[in-house]
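Report on the structure
Here is how the chains run, residue by residue.
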Amino acid sequence: ALLAAQRLAHALPRPVRRFAPALVVLGTVSFQLALADELHLTDIRSGERNYWVAARWIRDQVPADAVVLSMQMSGAITFYNTQPIVRWDQITPAQFDLLRRATAEHHRPLYAALFPFERSQLKERFGGDWRVMGHAGDVEFWRLEGTATP
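First things first, this report covers the structure right here in the doc.

Looking at the overall build of the protein
Along the protein, the regular secondary structure elements total seven helices and five strands. Reading the helices (α) and strands (β) of the protein from amino to carboxyl end gives α-α-α-α-β-α-β-α-β-α-β-β. A compact globule built from 150 residues would reach a C-alpha radius of gyration of about 15 Å, whereas the protein, at 26 Å, exceeds it by more than 25%. Within the protein, buried positions represent 33% of all 150 residues. Sequence separation of at least 24 residues holds for 56% of the intrachain contacts in the protein that already meet a minimum separation of 6. Taken as a whole, the protein presents about 9,800 Å² of accessible surface, with 59% of it coming from carbon and sulfur.

Spelled out as structure tokens, the structure:
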């Protein structure tokens, strides 16, 4: 590629050849800026901040003995918090019923940490009487009624 660029530059008229490096840099920078915009690179910080803010909310608002259902938030909860997590997308409705009964029997509240795209999926999959407990960033926190109270 570099040899082809060098041959192309030598084929250009002399006055244009002087500006060839600047044109290559300008083209490269333009391409990189367009790609960064397409990939939303400037939005990454605010998007990733959701995880930290939500983990802090769990630390401050969710009892230490609670069990937290999560999918997208599971890594952040595990990293920043001590509450056990259950990946709701990895269990069946029958397993959820066992979990619900076990948490109720042991007086452990059952929470869920959910991004917007997860909310209807969890509700459709497991049903239940969920109460919205709060929000942090894009994450909404639910508590299943009928389990231990905080």
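Now, onward.
Here's the deal with the environment of Gly134
Here Gly134 is to be found in strand E4 (residues 130-136). Gly134 sits 127 residues away from Arg7 along the chain, and the two C-alpha atoms are 63 Å apart. Not counting chain neighbours up to four residues away, the residues in contact with Gly134 comprise Trp57, Val139, Glu140 and Phe141.

Brief notes about the pattern of salt bridges
Opposite charge on two side chains permits pairing when their charged atoms draw close. Counting across every chain of the model gives five salt bridges. Here Asp97 ties to Arg100 by a salt bridge, and the two come within 3.3 Å at their closest N and O atoms. On the criterion of helical spacing, the pair formed by Asp97 and Arg100 is a turn pair, its members being three residues apart in helix H6 (residues 93-105). A salt bridge links Glu145 to Arg143; the shortest N-O distance between them is 3.2 Å. According to the relative accessible area criterion, Glu145 is partly exposed, its value standing at 30%. For Arg143, a relative accessible area of 5% corresponds to the buried category.

Observations concerning the side chain of Asn50
Note on placement: Asn50 falls in helix H4 (residues 44-61). Engagement of the side chain of Asn50 in a polar contact is seen with the backbone nitrogen of Asp138, the distance being 2.8 Å. The residues contacting Asn50, other than those within four sequence positions of it, are Phe115, Ala136, Gly137, Asp138 and Val139.

What to know about the pairing of E4
Alignment of E4 against strand E5 (residues 139-144), held across six bridges, turns out to be antiparallel. Note that in E5 the partner of His135 across the bridge is Glu140.

Comments concerning the side chain of Arg143
Examined against the element boundaries, Arg143 turns out to sit in strand E5. A distance of 3.2 Å separates polar atoms of two side chains, one belonging to Arg143 and the other to Glu145.

Let's talk about the sheet that holds strand E3 (residues 110-114)
Spatially, E2-E1-E3-E5-E4 is the arrangement adopted by the five strands of the open sheet, whose pairing is mixed. The open sheet has two free edges, formed respectively by strand E2 (85-87) and E4, since each of these has just one partner strand. Across this sheet, the average inter-strand angle for adjacent strands is 25 degrees, counted without regard to direction. The sheet contact formed by strand E1 (residues 67-70) and E2 spans three bridges and is parallel. Residue pairing for E2: Val68 is matched across the bridge by Ile85.

Describing the environment of Gln121
The residue Gln121 is located in helix H7 (residues 116-126) in this model. Take Gln121: its relative accessible area is 37%, and that puts it in the partly exposed class. For the pair Gln121 and Asp89, spaced 32 residues apart in sequence, the C-alpha to C-alpha distance is 8.9 Å.

How each quantity is defined
- Residues numbered from 1 in each chain as written.
- Predicted model: local features only at pLDDT ≥ 70, side-chain atom pairs only at ≥ 80, totals over all residues.
- Heavy atoms only, no water.
- Helix = DSSP H or I, 4+ residues; strand = E, 2+ residues; numbered from the N terminus.
- Rg over C-alpha atoms; globule rule 2.2 N^0.38 Å.
- Buried < 20%, exposed > 50% of the residue type's maximum accessible area, 1.4 Å probe, protein only.
- Contact = heavy atoms within 4.5 Å.
- Areas by Shrake-Rupley, 256 points an atom, 1.4 Å probe, with all protein chains shown as cover.
- Salt bridge = Lys/Arg side-chain N within 4 Å of Asp/Glu carboxyl O.
- Polar contact = N/O pair within 3.5 Å; in protein donor to acceptor, adjacent residues only side chain to side chain.
- Pairing = 2+ DSSP bridges.
- Axes fitted to C-alpha atoms, helices over the stretch in contact; angles between N-to-C directions.

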